Amino acid sequence: MIAPGGTIGILGGGQLGRMTALAAARLGYRVHVFTPEADSPCAQVAAAATVAEFNDHAALAAFAQAVDVVTLEWENVPVEAVRYLEEGVPVRPGSTVLAVTRDRLEEKAFLNRHGIATAPWRAAYSTEDVLAAAAELGLPAVLKAATLGYDGKGQVRLDSPLDPQAAWHAMGAGEAIVEGYVRFEREISVIVARGGDGGMASYPAVENQHTNHILARTIVPAPISAETAAEADRIARRVARALDLTGLVAVEMFVTHDNQVLVNELAPRPHNSGHWTIDACPTSQFEQLVRAVCHLPLGPTTPFHPAVMENLLGDQVSRWPEFLAEPGAHLHLYGKTEVRPGRKLGHVTRLVGR
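Cut-offs applied
- Residues numbered from 1 in each chain as written.
- Predicted model: local features only at pLDDT ≥ 70, side-chain atom pairs only at ≥ 80, totals over all residues.
- Heavy atoms only, no water.
- Salt bridge = Lys/Arg side-chain N within 4 Å of Asp/Glu carboxyl O.
- Buried < 20%, exposed > 50% of the residue type's maximum accessible area, 1.4 Å probe, protein only.
- Helix = DSSP H or I, 4+ residues; strand = E, 2+ residues; numbered from the N terminus.
- Right-handed = clockwise from strand over helix to strand, strands pointing away.
- Pairing = 2+ DSSP bridges.
- Polar contact = N/O pair within 3.5 Å; in protein donor to acceptor, adjacent residues only side chain to side chain.
- Phe/Tyr/Trp six-rings, centres within 6.5 Å; stacked < 30°, edge-to-face > 60°.
- Lys NZ or Arg CZ within 6 Å of the ring centre and 35° of its normal.
- Axes fitted to C-alpha atoms, helices over the stretch in contact; angles between N-to-C directions.
- Parallel < 35°, antiparallel > 145°, perpendicular 65-115°, else oblique.
- Left-handed = near helix turned anticlockwise from the far one by under 90°.
- Contact = heavy atoms within 4.5 Å.
- Nonpolar A, V, L, I, M, F, W, Y, C, P; charged D, E, K, R; others polar.
- Expected span 1.5 Å × (residues − 1).
- 1 Å grid on protein atoms, 1.4 Å probe; cavity = no way out; pocket = protein on both sides within 12 Å on 5 of 7 lines; lining within 4 Å.
- Points joined across faces, edges and corners; volume = space filled by probe spheres on them.

**Thoughts on the pattern of salt bridges**
For step 1, the next point in the chain: This structure, assessed with the given rule, holds 18 salt bridges.
For step 2, the next point in the chain: In this structure, E185 and R186 form a salt bridge, with 2.9 Å as the shortest nitrogen-oxygen distance.
For step 3, the next point in the chain: Classification of R186 by relative accessible area gives buried; the value is 16%.
For step 4, the next point in the chain: The shortest N-O distance in the salt bridge between E207 and R186 comes to 3.4 Å.

**A look at the pairing of strand β2 (residues 30-35)**
For step 1, the next point in the chain: Of all six residues that make up β2, five are buried, and the element is covered over most of its length.
For step 2, the next point in the chain: For the crossover that starts at strand β1 (residues 7-11), traverses helix α1 (residues 15-26) and ends in the parallel β2, the hand is right-handed.
For step 3, the next point in the chain: As defined by bridge partners, β2 adjoins strand β3 (residues 48-51) across four bridges and the pair is classed as parallel. Bridge assignment links T35 to a residue of β3, and that residue is V51.

**A word on the environment of D56**
For step 1, the next point in the chain: Note on placement: D56 falls in the loop between β3 and α2 (57-66).
For step 2, the next point in the chain: Each C-alpha atom of the pair D56 and A81 lies 8.5 Å from the other, and the pair is 25 residues apart in sequence.
For step 3, the next point in the chain: Among the polar contacts made by the side chain of D56, one reaches the main-chain amide nitrogen of A59 at a distance of 3.1 Å.

**Concerning the packing of aromatic side chains**
For step 1, the next point in the chain: Enumeration according to the criterion identifies four aromatic pairs in this entry.
For step 2, the next point in the chain: Ring geometry for F34 and F54: centres 5.6 Å apart, planes at 25 degrees, overall stacked. Taken together, the residues span a long stretch of sequence, with F34 in strand β2 and F54 in the loop between β3 and α2 at a distance of 20 residues. Of the two residues, F34 and F54, neither departs from the other in class, the shared state being buried.
For step 3, the next point in the chain: Through pairs of rings, three or more aromatic residues link up here, namely F34, F54 and F63.
For step 4, the next point in the chain: In this arrangement the basic side chain of R157 is found over the ring face of Y181, its NZ or CZ atom lying 4.8 Å from the centre.

**A word on the packing of α1 against helix α10 (residues 285-293)**
For step 1, the next point in the chain: Two numbers describe how α1 lies on α10: the axes approach to 8 Å, and their chain directions differ by 65 degrees. Relative to α10, α1 is oriented roughly perpendicular. Helix-helix and strand crossings are classified by hand; for α1 and α10 the assignment is right-handed. From α1, L16, M19, T20, A23, A24 and R26 reach across to α10, where they touch F286, E287, L289 and V290.
For step 2, the next point in the chain: Broken down by class, the residue content of the contact of α1 with α10 amounts to seven nonpolar, one polar and two charged.

**Considerations on α1**
For step 1, the next point in the chain: End to end, α1 covers 17 Å across 12 residues, agreeing with the expected 16 Å (1.5 Å per residue, within 8%).
For step 2, the next point in the chain: Within α1, nine of the 12 residues are buried, leaving the element largely enclosed by the surrounding structure.
For step 3, the next point in the chain: Of the positions making up α1, those classed as buried are Q15, L16, G17, R18, M19, T20, A21, A23 and A24.
For step 4, the next point in the chain: Buried residues belonging to α1 abut β1, β2, α9 (277-280), α10, β16 (329-333) and β17 (344-351).

**Looking at the side chain of S189**
For step 1, the next point in the chain: By the element assignment, S189 lies in strand β9 (residues 184-194).
For step 2, the next point in the chain: Residue classification places S189 among the buried residues on the basis of a relative accessible area of 1%.
For step 3, the next point in the chain: A polar contact is formed between the side chain of S189 and the side chain of S273, at a distance of 2.8 Å.
For step 4, the next point in the chain: Beyond its immediate sequence surroundings of up to four residues, S189 is in contact with P204, A205, V206, N208, V251, E252, M253 and S273.

**Things to note about the layout of surface pockets**
For step 1, the next point in the chain: Within this model, the second largest pocket holds a volume of roughly 250 Å³.
For step 2, the next point in the chain: Every residue lining the second largest pocket is counted, 15 residues in all, and those nearest its centre are M19, L22, A23, I278 and S284.
For step 3, the next point in the chain: Elements with a contribution of two residues or more to the lining of the second largest pocket: α1, α10 and β16.

Written as structure tokens, this is what we have:
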């Protein structure tokens with residue numbers, strides 16, 4: 001156990017780290033963030049910040065000496081950096097979890113090995129592989145970069161007639177996955193925390209609605225049957241156990257028209273679809289991460305109210321005075337100064353029925 005007064009290191013300086021740092025401070029912990037980004041959202045509220053590249057071993061070594069435990073706020077941290085840190089400080093979740101979840105090929109293979117259903121898929125390392133995968137899986141399909149893709153980046157829909165050269169160039173990577181197209185009824189996610197003793201606590205399944213591949217709205221709880229919700233929870237817990245996770249994992253899933261639940265992606269960190277927990281749960285996902293990585297008891301997760309969370313993307317953030325004046329709207333801004341189309345600059349949560 002790491003008692004209050006200790007220092008939590010966070011790899012990555014974005015808004016997920018920022019909200020984790022705020023939750024950690026409420027429990028009496030300090031946060032030291034390691035990020036390549038100057039004036040990052042997390043650094044603005046952290047006790048200390050190291051601004052350096054993830055391959056800077058001298059900076060990593062000094063960071064390890066300054067903290068009691070390290071966690072992640074995004075999965076695009078190099079695995080080698082986490083392995084280096086693990087030589088001197090606990091990292092939760094660690095390099096073995098990161099190696100699975102930052103690579104779509106590794107992730108899909110891992111899920112299928114553990115009997116967890118996904119869309120059909122094939123690895124692709126060339127345009128010839130794309131053609132072969134399309135012939136096997138049929139069109140439409142989706143070509144995705146194996147690593148570093150998020151919010152629709154590095155993804156290309158494959159349609160007939162197929163131009164594999166153009167698709168490969170648009171995807172922009174040398175290693176990829178081709179996924180069969182899933183005609184789903186809705187997208188859902190479940191966030192589950194797992195402590196050092198193997199105990200788990202999960203949040204209810206929520207529905208996620210996207211605009212241009214970016215999460216725009218989360219509805220709590222998801223409008224699905226009790227049986228489907230229970231199956232989604234069972235899958236998320238199975239994933240956490242299989243990963244031998246200490247921390248949080250968000251499991252993104254498709255619900256098909258015949259109520260089959262297929263896993264789409266994993267995120268071993270707080271997740272955009274869990275932001276509502278700050279205002280609608282006794283324990284937010286960010287506090288839960290702090291509890292898990294410090295080996296504290298996990299907190300209760302039953303929501304106070306149904307809720308709807310909306311992301312503020314790009315110039316939507318300019319509506320902040322309107323949200324502040326709206327009764328019942330809970331506004332969270334991330335401290336980012338550059339406004340770009342599709343960039344996540346804040347979110348608003350409304351408790352339904354209040």
